[in-house]
Amino acid sequence: MRLLRLVLGVFLVLGFLVTGLQAQTVKNVLLAVYFDNPDYANAKNAFREKLETDAKKVGIEIKFTVLDTKGDKEAFIARLKELEPTVDLIYVTGTPNAMAVKAAGITKPVIFSCIANPIGAKLVNSLEVPGTNFTGNHCAVREDKQLRALLMVLPAAKKIGKVEVDHGETGC
């Protein structure tokens, strides 16, 4: 399922990169991070590798720029504003990074991943029709589906506990 989402996301990105900008054979993609999380590494690497591979197939070279301000949100927002005119696309992982990009007022297309609740974080209007310059995949699985999967693995379970941490509207 995650691979399918990744492949669909990369096709979406490639569609953007090819449409309307065919004369430009080099596309600039910003990998934006102010709050890093080791759990995001696989998503970032998979996105980067798949985008590079698929772009080559259609004659596009991808130039990646990494913005990592090591937790300094103010510096992140300032640098994002400086870099925006030089990039075609911004990629972020995780709610804190996506919300910082939104706070910067970025108008370029933003692809996100590893976000549990993009609607609650007010990044998109709906999962079907984002209605903003943000799009991507979310990592939330409804609780009823999680419970069904758990019961398939442990059908004899009599008690199941749930530990929940309230992170506000973002869900992360």
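Describing the pairing of strand 4 (residues 110-115)
Regular strands show a simple pattern: their side chains alternate between the two faces of the sheet. Most of strand 4 sits out of view: 5 of its 6 residues are buried. Where strand 3 (residues 89-93) and strand 4 come together, 4 bridges link them in parallel fashion. Pairing of T93 across the sheet is with S113, part of strand 4. In this fold, strand 3 hands off to helix 4 (residues 95-103), which returns the chain to strand 4; that crossover is right-handed.

Notes on the nonpolar core
Within the largest apolar cluster, 23 residues are counted, with the highest numbers of intra-cluster contacts made by L30, F76, L80, I90, V92, V101 and F134. Secondary structure elements with two or more residues in this core: strand 1 (26-33), helix 3 (73-83), strand 3, helix 4 and strand 4. With 4 residues, helix 3 is the single largest residue contributor to this core. Apart from residues lying up to four places away in sequence, V101 is in contact with F76, L80, V92, I106, V110 and F134. Of all hydrophobic cores here, the second largest spans 12 residues; its members include F47, L51, Y91 and I111.

With respect to a nonpolar patch on the surface
Residues L147, L150, L151, M152, V153, L154 and I160 make up a contiguous nonpolar surface patch of about 660 Å² in total accessible area. Position of L151 among the secondary structure elements: in helix 5 (residues 143-153).

Some points on the side chain of N97
You can see N97 is positioned in helix 4. Looking at N97, the relative accessible area reads 0%, which means it is buried. If we skip the residues at most four places from it in the chain, N97 touches A32, V33, Y34, F35, Y40, F76 and V92.

Some details on the pattern of salt bridges
Overall, the coordinates contain 5 salt bridges when judged by the stated rule. Of the charged contacts, one joins K57 and D54 as a salt bridge, the two residues approaching to 3.7 Å between their closest N and O atoms. Remark: D54 and K57 occur in helix 2 (residues 41-57); sequence separation between them is 3 residues, near one turn of the helix. On the basis of relative accessibility, which here comes to 64%, the residue K57 falls in the exposed class. Given a relative accessible area of 5%, D54 falls into the buried group. Between K70 and D68 there is a salt bridge; the shortest N-O distance is 3.2 Å. The exposure class of K70 is exposed, given its relative accessible area of 70%. A residue is classified by how much of its surface remains accessible, and D68, at 29% relative accessible area, is partly exposed. Overlapping salt bridges bring together K50, D54 and K57 as one network.

Re the environment of V110
Tracing the backbone through its elements, the reader meets V110 in strand 4. Residue V110 is classed as buried on the basis of its relative accessible area, which comes to 0%. Between the C-alpha atoms of V110 and L89, which are 21 residues apart in sequence, the distance is 6.1 Å. Residue contacts for V110: discarding those within four places in its chain leaves I90, V92, V101, N133, F134 and T135.

Rules used throughout
Residues numbered from 1 in each chain as written. Predicted model: local features only at pLDDT ≥ 70, side-chain atom pairs only at ≥ 80, totals over all residues. Heavy atoms only, no water. Buried < 20%, exposed > 50% of the residue type's maximum accessible area, 1.4 Å probe, protein only. Helix = DSSP H or I, 4+ residues; strand = E, 2+ residues; numbered from the N terminus. Pairing = 2+ DSSP bridges. Right-handed = clockwise from strand over helix to strand, strands pointing away. Core = buried A, V, L, I, M, F, W, Y, C linked by side-chain atoms within 4.5 Å. Contact = heavy atoms within 4.5 Å. Patch = residues over 30% accessible without salt bridge, like charges linked within 9 Å, V, L, I, M, F, W, Y side chains within 5 Å. Areas by Shrake-Rupley, 256 points an atom, 1.4 Å probe, with all protein chains shown as cover. Salt bridge = Lys/Arg side-chain N within 4 Å of Asp/Glu carboxyl O.

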